Amino acid sequence: MPLPAPPDLRGRVAIVTGGSRGIGREVCLALAEAGCAVVVAAKTATPQPTLPGTVYTVAAECDARSRNAGASSSSSSPRAMPFVLDLRDEASIRACVRATIDRFGRVDVLVNNASALWWHTVEETPTKKYDLIQAINARGAFLATRECLPHMRAQNFGRVICMGPPIPRGGREGYRAYAGKTAYYMSKCGMTMVALGAAAEGARFGISGNALWPATVVESSASENFELGDRSSWRKARILADCVLCLIADGVGTTGRELIDDEYLRTKGADDEDLRAYRCDPEVEPPRLLAEGAGGGGGGGGEGGGDWDVRRGDVRELGRDKARSKL
């Protein structure tokens, strides 16, 4: 059974953090194709040699996708808005939401996608790096959600989606998932908890909150720059964008969940052939490395996850990290 058709999101407004490249860009484009007005919120305002794409280039792409999908060309049609956002700065987050309301009059969807990566042991984690990933990942998602919730509550509609993993549940061996990633999991599971909090507090107001996590390494600038395996072992970022569309359509019927992308799409009717379309290499099925690292998937962690022994942190130390890593 094929996946359901994308929802009609004309009249809806979404903020996507980290929208200038990778997963965030793909989510922005998918939302624009569905008729949604998109706020492309990210820090990159000018192209970088190793980081292509800016909030402005992606906003232009969104406008083109919206037109190509048949959206009205009138002044009332959804338009993408670039916003240079620093998630470490509370004032910047407030300004982003305020600009969204000033421009579009509402905010319906918040995708907390932006995050910083740090895969190292407790002993190898400097305070500066710990503070950075906490500020961008957990704190940034929390503040962005806090600023959007009052507007969602007032309109009795909202979707909060955080790119965070299922929280490892302990058990006999589940604690092993934290090996080499304690600081990272503290920040990323913090994003997951933001989604669960939005679900708990927004249920009476038509607001859903869900965490979403890839089963595999996903094609992105981070995957390329950190050399996270061969491209044949990746899936396309479109898989997460399609999950976002399904979650928006699901409404409050799906809320408070910790979802793995391919498992969730199977509940929506996807089969092996549908999932094959997300492979970067059509002939290679990518290993579900991240699902195993998050405790085996299943929407709630569990036992296992001890084989995700990958060291990554500073691109300048990539050679050293690769030499000490299984990937």
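Residues numbered from 1 in each chain as written. Predicted model: local features only at pLDDT ≥ 70, side-chain atom pairs only at ≥ 80, totals over all residues. Heavy atoms only, no water.

K.L.:
Outline the packing of aromatic side chains, listing residues and values.
P.N.:
Under the defined criterion, the tally for this structure stands at 3 aromatic pairs. Measuring from ring centre to ring centre gives 5.9 Å for Trp119 and Tyr184, while their planes differ by 80°; the resulting arrangement is edge-to-face. Taken together, the positions of Trp119 in the loop between strand S4 (109–112) and helix H4 (127–155) and Tyr184 in helix H5 (residues 182–202) put the pair 65 residues apart, joining distant regions of the chain. Three or more aromatic residues joined by ring pairs form one cluster here, namely Trp119, Tyr178, Tyr184 and Tyr185. (Phe/Tyr/Trp six-rings, centres within 6.5 Å; stacked < 30°, edge-to-face > 60°. Helix = DSSP H or I, 4+ residues; strand = E, 2+ residues; numbered from the N terminus.)

K.L.:
Summarise the packing of helix H1 (residues 22–33) against helix H2 (residues 55–68); cite the residues concerned and give the values.
P.N.:
Two elements in contact, H1 and H2, have axes separated by 8 Å at closest approach and are oriented at 30°. When the axis of H1 is compared with that of H2, the two are roughly parallel. Classified by chirality, the crossing of H2 by H1 is right-handed. Contact residues: H1 offers Arg25, Cys28, Leu29, Ala32 and Glu33, while H2 offers Val58, Glu61, Cys62, Arg65 and Ser66. Taken together, the residues of the contact of H1 with H2 sort by class into 5 nonpolar, 1 polar and 4 charged. (Axes fitted to C-alpha atoms, helices over the stretch in contact; angles between N-to-C directions. Parallel < 35°, antiparallel > 145°, perpendicular 65-115°, else oblique. Left-handed = near helix turned anticlockwise from the far one by under 90°. Contact = heavy atoms within 4.5 Å. Nonpolar A, V, L, I, M, F, W, Y, C, P; charged D, E, K, R; others polar.)

K.L.:
Residue-level account of the environment of Thr216, with values.
P.N.:
Secondary-structure assignment places Thr216 in the loop between strand S6 (207–213) and strand S7 (217–218). Of the residues examined, Thr216 reaches a relative accessible area of 0% and is grouped as buried. If sequence neighbours within four positions are ignored, Thr216 has contacts with Arg235, Pro286, Pro287, Arg288 and Leu290. (Buried < 20%, exposed > 50% of the residue type's maximum accessible area, 1.4 Å probe, protein only.)

K.L.:
Lay out the sheet that holds strand S1 (residues 13–17) in plain terms, naming residues and giving numbers.
P.N.:
If you trace the 7 strands from one edge of the open sheet to the other, you get S3-S2-S1-S4-S5-S6-S9, paired in parallel fashion. In this open sheet, the two edge strands, each paired with only one partner strand, are strand S3 (81–84) and strand S9 (257–260). Each strand axis lies, on average, 20° off the axis of its neighbour in the sheet, ignoring direction. Sheet topology note: the S6/S9 ladder contains 4 bridges and is parallel. The residue bridging Leu212 from the neighbouring strand is Leu259, located in S9. Where H1 meets the sheet, its contacts fall on S1, strand S2 (37–42) and S4, and the angle it forms with S1 comes to roughly 170°. (Pairing = 2+ DSSP bridges.)

K.L.:
Any details on the side chain of Ser20? Residues and values, ideally.
P.N.:
With respect to the helices and strands, Ser20 occurs in the loop between S1 and H1. On the basis of relative accessible area, Ser20 is assigned to the buried category, the value being 3%. The residues touching Ser20, leaving out its near neighbours within four places in the chain, are Arg25, Val40, Ala42, Thr44, Pro52, Gly53, Thr54, Val55 and Val58.

K.L.:
Please set out the confidence of the model for the protein residue by residue, giving values where relevant.
P.N.:
Here the protein averages 88 in pLDDT, and 87% of its residues register 70 or above. Ignoring residues within four places in sequence, the model shows residues 296–307, a span with pLDDT below 50, making 38 contacts including any to other chains. (pLDDT = per-residue confidence, 0-100.)

K.L.:
Break down the pairing of S3 for me, citing the residues and quoting the values.
P.N.:
What you see with S3 is a clean split: Met81 and Phe83 sit on the buried side and Pro82 and Val84 on the side with no burial. With 4 bridges connecting them, S2 and S3 associate as parallel partners. Bridge pairing in S3 links Val39 to Met81.

K.L.:
Just give me the short version of the packing of H1 against helix H7 (residues 238–250), but keep the residues and values in it.
P.N.:
Contact pair H1 / H7: the axes reach a minimum separation of 8 Å and the direction vectors enclose 45°. The pairing of H1 with H7 is recorded here as oblique in orientation. Viewed along their axes, H1 and H7 form a crossing whose handedness is right-handed. Every residue of H7 that contacts H1 at Ile23, Glu26, Val27, Ala30, Leu31 and Glu33 is listed here: Arg238, Leu240, Ala241, Val244, Leu245 and Ile248. Split by residue class, the contact of H1 with H7 holds 9 nonpolar, no polar and 3 charged.

K.L.:
How would you explain the pairing of S1 if you had to name every residue and give the values?
P.N.:
Of all 5 residues making up S1, 5 are buried, and the element is well covered by its neighbours. Across the two faces of S1 the burial is the same, with Val13, Ile15 and Thr17 and Ala14 and Val16 all buried. Note that S1 and S2 share 5 bridges and pair parallel. Its bridge partner lying in S2, Thr17 is registered against Ala41. Pairing geometry for S1 and S4, over 3 bridges, is parallel. Bridge pairing links Val16 to Val111 in S4.

K.L.:
Kindly report on the environment of Ser220, identifying the contributing residues and their values.
P.N.:
Structurally, Ser220 can be placed in the loop between S7 and helix H6 (221–225). Judged by its relative accessible area of 15%, Ser220 is buried. Distance in space between the C-alpha atoms of Ser220 and Gly24 is 9.5 Å, their sequence separation being 196 residues. Here Ser223 takes part through its backbone nitrogen, which lies 3.1 Å from a polar atom of the side chain of Ser220. (Polar contact = N/O pair within 3.5 Å; in protein donor to acceptor, adjacent residues only side chain to side chain.)

K.L.:
Could you give me a rundown of H1, with the residues and numbers involved?
P.N.:
Taking 1.5 Å per residue as the helical rise, H1 with its 12 residues ought to reach 16 Å, and the 17 Å between its terminal C-alpha atoms agrees with that figure. Of all 12 residues that make up H1, 10 are buried, and the element is covered over most of its length. Taken as a whole, H1 has its buried residues at Gly22, Ile23, Gly24, Glu26, Val27, Cys28, Leu29, Ala30, Leu31 and Ala32. Looking at the buried positions of H1, the neighbouring elements they touch are S1, S2, H2, S4, S7 and H7. Downstream of H1 by a residue or two, Gly35 has a phi angle that is positive, lying close to 95°. (Expected span 1.5 Å × (residues − 1).)

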